[in-house]
Every structure is written in structure tokens, then in C-alpha cells.
Amino acid sequence: MSEMNEPEVTVTDVRCAATTRAGTQCKNNAQPGSPYCHMHQTLVEPAGSNGQPEVPEATEPSPPAEDTREELAEELDDLIAELREASPEFTPPPFSPQDIIATLKKSIRHMPPPMQMDILYRMREAVRVDNFDIEAWRGTWFLMNYWNYFQEKAQQSPAGQQAMGALAPYWQKLQGAINEDLLDIDTWKGLWFMVSYSVQYQVDILKRRATGDYYTDEWGLDWEFLDAVRPLLSFFYKYYWRVSTNGMAHIPDAGRAMLVMNHSGQLPFDAAMVLTAVLLEHPSQRLVRHLYGDFVPGLPFLSSAIEKIGGTLAREENGVRLLEQEELVGVFPEGYKGISKLFKDRYRLARFGRGGFVQMALRTQAPIIPAAIVGAEEIYVAIHQSRSLARMAGLPFFSISLRFPWLGLLGVVPLPTRWTIDFGEPIPTDEYGPQAADDPLLVSQMTDQVRNVVQEMIHARLAQRRSPFW
Amino acid sequence: MTTEKVVLITGAAGQWGTRLAKRLVVEDGLGVVALDDQPPSPGLAGLDYLQADFQDPLIGDLLATEAVHTVCHLAFRPSVARSEEAYAHNVQGTARFLAACLAAGVRHVVLMSSTAVYGAHADNPVLLQESHPLRGSRRQGTNRDRLEIEAFVNGFYRQHPEMLVTVLRLANIVGPTADTPMTRYLRSPAGLTLMGFNPLLQLIHEQDVAAALAQAVLAEKGGIYNVAAEPALPLKRLLALAGTLPVPVFHPLAYLNNSIQEQMVFEPDSLRYRWIADTEKMQTELGFFPEKSAEEAVQALRAAKGEPLPAGGYRPDGSRQSANDHSYAMPLDEIMAHRQKARERETTTAAG
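A quick note: this is a predicted structure, and the numbers were derived from the prediction, not measured.

Scoring rules and cut-offs
Residues numbered from 1 in each chain as written. Chains lettered and ligands numbered in written order. Predicted model: local features only at pLDDT ≥ 70, side-chain atom pairs only at ≥ 80, totals over all residues. Heavy atoms only, no water. Axes fitted to C-alpha atoms, helices over the stretch in contact; angles between N-to-C directions. Helix = DSSP H or I, 4+ residues; strand = E, 2+ residues; numbered from the N terminus. Parallel < 35°, antiparallel > 145°, perpendicular 65-115°, else oblique. Contact = heavy atoms within 4.5 Å. Nonpolar A, V, L, I, M, F, W, Y, C, P; charged D, E, K, R; others polar. Buried area = accessible area lost by both parts, 1.4 Å probe. Salt bridge = Lys/Arg side-chain N within 4 Å of Asp/Glu carboxyl O. Buried < 20%, exposed > 50% of the residue type's maximum accessible area, 1.4 Å probe, protein only. Arc of directions from axis to C-beta. Patch = residues over 30% accessible without salt bridge, like charges linked within 9 Å, V, L, I, M, F, W, Y side chains within 5 Å. Areas by Shrake-Rupley, 256 points an atom, 1.4 Å probe, with all protein chains shown as cover. Lys, Arg positive; Asp, Glu negative; His and termini not counted. Charge placed at Lys NZ, Arg CZ, Asp CG, Glu CD. Phe/Tyr/Trp six-rings, centres within 6.5 Å; stacked < 30°, edge-to-face > 60°. Polar contact = N/O pair within 3.5 Å; in protein donor to acceptor, adjacent residues only side chain to side chain.

**Q** Would you explain the packing of helix α7 (residues 235–242) of chain B against helix α11 (residues 294–303) of chain B in this entry?
**A** Helix packing for two helices is described by the angle between their axes and how far apart those axes are. Residues and elements named next belong to chain B. One way to put it is that α7 packs onto α11 with a least axis distance of 8 Å and a crossing angle of 40°. If you check the angle between α7 and α11, you find them oblique. Note on element contacts: α11 touches α7 through Glu295, Val298, Gln299, Leu301 and Arg302, opposite Arg237, Leu238, Ala240, Leu241 and Ala242. Of the residues that constitute the contact of α7 with α11, the class distribution is six nonpolar, one polar and three charged.

**Q** Please explain the interface of chain A and chain B as it appears in this structure.
**A** Where the parts come together, the accessible area they lose is often given as the size of the interface. At the interface, 27 residues of chain A touch 23 residues of chain B. Surface buried jointly by chain A and chain B totals about 1900 Å² across both partners, of which 52% is contributed by carbon and sulfur atoms. Taken together, the connections running from chain A to chain B amount to one salt bridge. A salt bridge links arginine 274 of chain B to glutamate 307 of chain A, with the nearest nitrogen and oxygen atoms 3.7 Å apart.

**Q** Honestly, α11 of chain B in this entry has me stumped. Any pointers?
**A** It helps to recall that an α-helix has 3.6 residues per turn; residues three or four apart then point in one direction. Every buried residue of α11 of chain B is accounted for by Ala294, Glu295, Ala297, Val298 and Leu301 of chain B. Down the axis of α11 of chain B, the buried set is contained in an arc of 160°. They therefore lie on one face.

**Q** How should a positive patch on the surface be read in this particular structure?
**A** Residue and element names in this part refer to chain A. Taken together, Lys337, Arg351, Arg354, Arg387 and Arg391 make up a surface patch of like positive charges. Following the sequence through the fold, arginine 387 ends up in helix α15 (residues 387–393). A residue is classified by how much of its surface remains accessible, and arginine 387, at 70% relative accessible area, is exposed.

**Q** Where do I start with the packing of aromatic side chains in this structure?
**A** What describes a pair of aromatic rings is the distance from one ring centre to the other and the angle between the planes of the rings. All names here are of chain A. Tallying each qualifying case throughout the model produces 16 aromatic pairs over all chains. With 5.7 Å between their ring centres and 75° between their planes, phenylalanine 235 and phenylalanine 236 make a pair best called edge-to-face. Judged by relative accessible area, phenylalanine 235 falls into the partly exposed class, the value being 36%. Their ring planes at 70° and their centres at 6.1 Å tell us that phenylalanine 295 and tyrosine 336 sit as a pair that is edge-to-face. Here tyrosine 336 lies in helix α13 (residues 336–339) and phenylalanine 295 lies in the loop between β3 (288–292) and α11 (302–308), a separation of 41 residues in the sequence.

**Q** Looking at this model, I keep getting lost on the side chain of arginine 286 of chain A. Mind explaining?
**A** Residue and element names in this part refer to chain A. In this fold, arginine 286 is placed in the loop between α10 (269–281) and β3. Here arginine 286 sits buried without a salt bridge, and the closest side chain of opposite charge, glutamate 327, lies 5.4 Å off (N-O distance). Within polar-contact distance, the side chain of arginine 286 engages the backbone oxygen of glycine 255 at 2.8 Å. Residues in contact with arginine 286, not counting those within four places in the same chain, are Pro252, Asp253, Ala254, Gly255, Val278, Leu279, Glu326, Glu327 and Leu328.

Laid out in C-alpha cells, this is it:
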């Protein structure tokens, strides 16, 4: 604080803005004309940058790594501590979701248009990537309050910057933070913001869709619908069933492949979670095109929803066509025998049908990737299958569980078990040639082989598991 | 005159016959003879028009004396309720007419069918190929008759390979002036749908229907072809594009209640399950590519939504496709004698 009385404050008095590997702020002073010190200047700044705090372009942000997020959060904490020290007379109001939206709405007008666009873009992006980190929001809230406070101070005084005195470096730094770090996806996250701004975004989409301005492919896949349900899917994936996924490297980045999994859970949540797992965690964010049984098209709402997220009927021509289009196809050879499994039969695979999935894979020479889903078989405790109720309701099966139908809708809420999805070593099919699909012996052998692999994977995972719930 | 390929169009006063005749008459090397038992529609002025019934016993003689090469058999009476009169006209009439064509040495017959013959079923594949078994519903007269004709034609062209038969299975036809079940559905202010179901539906623009028929006549390729425009539209998107309000009905009610089914225009299954035809064969073998996309077809219909339709289009009661249910057919022997005289006069004037 020795520069308190100096009329001009140079940028060299600012500490380097970079974060060290230890996660603390760099202790060196910044180089003139740059927010970084001589060490970090070359490391952090991109080549050709003049070092001035620049207005970020509205470019697509890439999802940052977990450690980068932590570093940024710590950096923000440091910054807040310093700001507190520098302006003891100002205390930011307590965090509240409503106020943060109001503050943003007020101050967004003062930002340059590219910056506004960037904020909006990032918020919309946040709806997809969905971060529910309240702590980071608190940090953002403090910074925004300080930002407004400094701006007011600068406007009050005729000498502007000069009157800010010792606060000027922080003002500049804060501007830098607003421009760069604060606008980063990691800092602009939080449920309430996202809800507020995503509502407008969704309303825009709905308005546009009401005029018929949207597109589906020949299968009925609707990417906008998928984007709309993605936060819900990832909520179930991350927080409700806390799914951990192993062996994602076995799924190719591109090209045809077939996932073969165990089916369970009365309702096809397992298919949805496999889709979410590959969509969120696979490097090329592939979409699993599930094949469903022929009882699904007759079910209202479910049929059109599944079709919109890329499902299609399990018929050989459909599967072959999808694989020939180099898609990642998901099959549940147990069919409704698997999904309607009773609790006492959990993790025991039902029969694998007539091996139609093997024929599809052989015909298109697509590798078969066995997968085991553990946890989904315990979301309902089904104790009985009622044939008469199924016939009355026009459904393929009707499960009586410990909670359904006695508790009504409450009985439909699945239990929050902890899930594990394992993707196994791919089983190649290209050594046999496409004619092998008509060889019944090979088809039945491979069906049994895949079934054994999936069953073994389930047993291996169950042996490691301590409890269904944690 | 003799080098011309003579094309005879039955049902020429109907909406498809008129459009096809107008399209073919400008082609080089084609002689177009239009035939219908109704007075010619306004679009047919100046054409060689025979006001006769295709079911006339002397039709074979006419085909032979006119040296007809290609027949486009478009005379068809749509009917919602199954009607014996329409069946006799559509199915038995077509069977007799095809036999007459064969006897008269006609080389090529073009028939118009519908993708509804595949039927909407839960286990339909994503794209129905022409070889897929026909499992269409027989509850409505139109589709029952189409299925019967297809069954007859299937046996016919295997027994008589010397005569080419082309069957075009057309998707739902829409357009500004077309009058079909789909245009009636989309032109109404509100359309019934089944709650929770949003199947894809295929469309074809009315101009492309005539273009496809013309292409079938010109290409002279036998076989069955699905004809539809890209892309298939989800029902809700289709209604939104057409400006029609979707009114969802709980689906078991639609199956039980007949008055709801009458309101729906379509059978409940057609608005529940997928029945999308594969158009690859149309593109690769028939060489036909629709000019208008499905969206353009709906937009054209929407633009003309307030305007009244021309009379004599789609008549769901199985009556003749004309303003009044009468046959104005003249006896074919008189027509043939008249034309013979005219031809003799022409040759004498040419010689003199």
C-alpha cells in the first residue's frame, strides 16, 4: 500500500495474475504492459498477445479440466481476501440468487456488446454442461459487487481513476478478472443464474418450435430435445445415482460399434444412463442409439421421447442401417425379460434371445463391446409380475414392487442406489466376414460368449461393491 | 403421327389425370389421349379427349385401333366406408381393364397406389422397402381397394412379363389445390392427434405427383416404387408448419369411438406408428427426384389455406370424382366410328 499517495499507478505494481502449480497466486510483480510476471508471461499468454486486458471474443469454450477449476476457485478466494483488505469500508451484501440476477441485469448494460454476448453464450452453454456449484457463485457474487462499487467510485470523483487511489490496481485487476476469469465457464456457473437465463432461452426455443422450425433425422432424433433433457439426465447421472463409469476407452472415437448390456429396473433408466455416460464422459461425446423392443412404440409419451433421443425399434434392418451409418448402437438382448426381472433374480442375466444382435454385428463387422450396469437392478424391489394387470393396462408386463402400486406415484420414484457402468474389451467380429451372420452355429456361440462376458463383468463388479447405496 | 408413342390416361378429368395430361402433352414424341366418363375439366381444353367409360366392353378395341403404347390408369374412387360400388369400379374394373390392355398389346401400364398399403404398425422398420409385406388396414374402402389392386397386379405381372406394370406408391399428397385426406386434415383449423404420440409422416407435393407419373411414363421401367419427398416430418411439426392446432385425444378413446375416428380423417394407427417408405429405389432406378421438399409442400398448402378447393376433388363417399354423381360416358362404338371417319378424312385430304 506504499503507492497510496502517488498520482499515477503503473501496471508494474500489480502482482502477477497467474496461478502457480501449488494453486496460490504468483508472488512476482507483473511485467509492464502485462498482467503476468516474466515467468508466466510466456507460459500463460498466448503468442502475439499484447498483454492488455482484452475483451474476450465470443468463442466456444472448451470444458476445462477438474484441476483448472479448483485453481480458479482458489484464485478467486485470494482475490476476494485482498479486496476485503483493500476496501474495508465496503461490505458486499449477503449472497442471494435473486440479487445476483438483478445485479447482473443492471450491470450487463455497461459491458461492451461482445462481452455481453459472451456472457449469454456461456450461460447457455452452462445449461448444457450444467454445473451446480453454489460456492463458485458466491465468489462471483462478491466480485460483481466489488466491480460495481469501484465503478461507482470512479464515476463519483471528477478525477476518476485518480480518486480511487490504492484501489486502482485492484480495479484493474478486477477488470481483468471480469474479462477473463470471471467470464470463464467455471466462474459463471450456478443453478439460479442458469435457471433464470435458461428459462428465456427455452422460451425462445419453444416459440420457434411452435412454428415448426426444428429438425429431426430419418430416425426421429431431435437434438434440441436431447439438449433440453440433458440437464435432467446428467442430474440423475451425477447426483442421483452417482454413476461411475469405467473402460470408456474401449468405445471407439468414431465408427461403428455395438454395446451389449444387461437390462433391468422395470423402467429403462439404465438405457438413459448409458446414453448419458457416453454423452458426458466420452471424449467425442457420442450418442448411443439404443434399440428398443416392439412393445415400446405403442406406449404414449415414452415412445416419442425415446425416438427423439435417438432410439429406434430393434429390428435387424434398423440395427444394420445404424451400424452402416457408423453409429454406436446399444442393445439389451434380454429384452423385456430383463427389464421386468424380479428383485430375487437381480444380476442373473435372462436369456439372450435368438442372437439377432450378433447377426447385426457380424453382417456389418462391428465390434461388440460388452457392458455391465450394476446398481440399476436395485432401483425397485419388484416382488411379483401381474399378468392380469398387464393385460388390462395393455402393457407387456406389470410389476408389483414393495412400493408400487401401493404408494401410487411415490412408488414410481426409483431408489437412489449407486451405479457403476463397466465397458469391457471389444469382441471383434470382422474376422468372420459378413456371410457369417447366416451361420447359426457361430451366431449362437457368439451369443453365449457375449452373455458370459457380461455376466462375469457383473459378478466382478458386485464382488468389489460394498453396498448398493454407497 | 405413327412414330408417336400414344399414352392413354383414364380418369383424366380427375385431379391427377388433369395434372398428368397437362404435363405429358408438352412432351415431344407423345400422343396423349385423355379418357373419362365426365366432361373435361377446364385444364384439359384442346386435348384429345374421349368422354367414355374405361369399363366399356369395347375398350380393348379402342386401345388396339389407337395403337396405345402406355396406359396411365388413374380412374379410382376413394371411399372411407367400404363401398361395393367403389370396389366394382376400382378393383374389378382395373382387373378387366388390365386384361383388355394385355389383349390389345399395350406395352406399359402405370398405376397409382399409396404408401398406406404398408400399414402403420408397431414393428415397422425405420424405412419400408417396396418388398416389405403389405399389411395395410382394410377398414377404409380406399385402402382396401388399393390392397386388392396391388394383390391382383402382383400376380398379373408375374404371369405376363411381356407387359410392363409400374406401381407408384405415393406418400400423403399435399399442395395448394390438391384435395386429399391429408390436405383436408391440414386445412381444418384443428387436427385430432393421439396424446403422447408423434409419429413421422411422409408427404409429396401435388406437382411432384404429376411429375412422378410422367417420369414413370417416360422412363418405361416396370416395378413398384415408393414416391415421397424428403424429409419425413413429425406429426406435431407438420401441424405447426400448416398452422393447424393439434388437439390430443387419449388414444384408447380414439380406438373405441367411431365419431372420433371420423373426425380424425386417418385411422388411429396411422397417427400412432411409423409408416415411412424408403425412397432409394425411386431415386436410383426410376430416376425421379421430387422438386419440392416436404416443408415446401406444407408451406404451399398453408399459403392457400383460405382459398376454396376446386370442385370434384377427393370424394370420401365413394362417388365419382366429379361435381355430380353421373356418368356422362358416350358409347365407345360411336366414338370409334367417329374417330375412324375423321382419320379417313385426314388421310384423303393429305393424299389430295
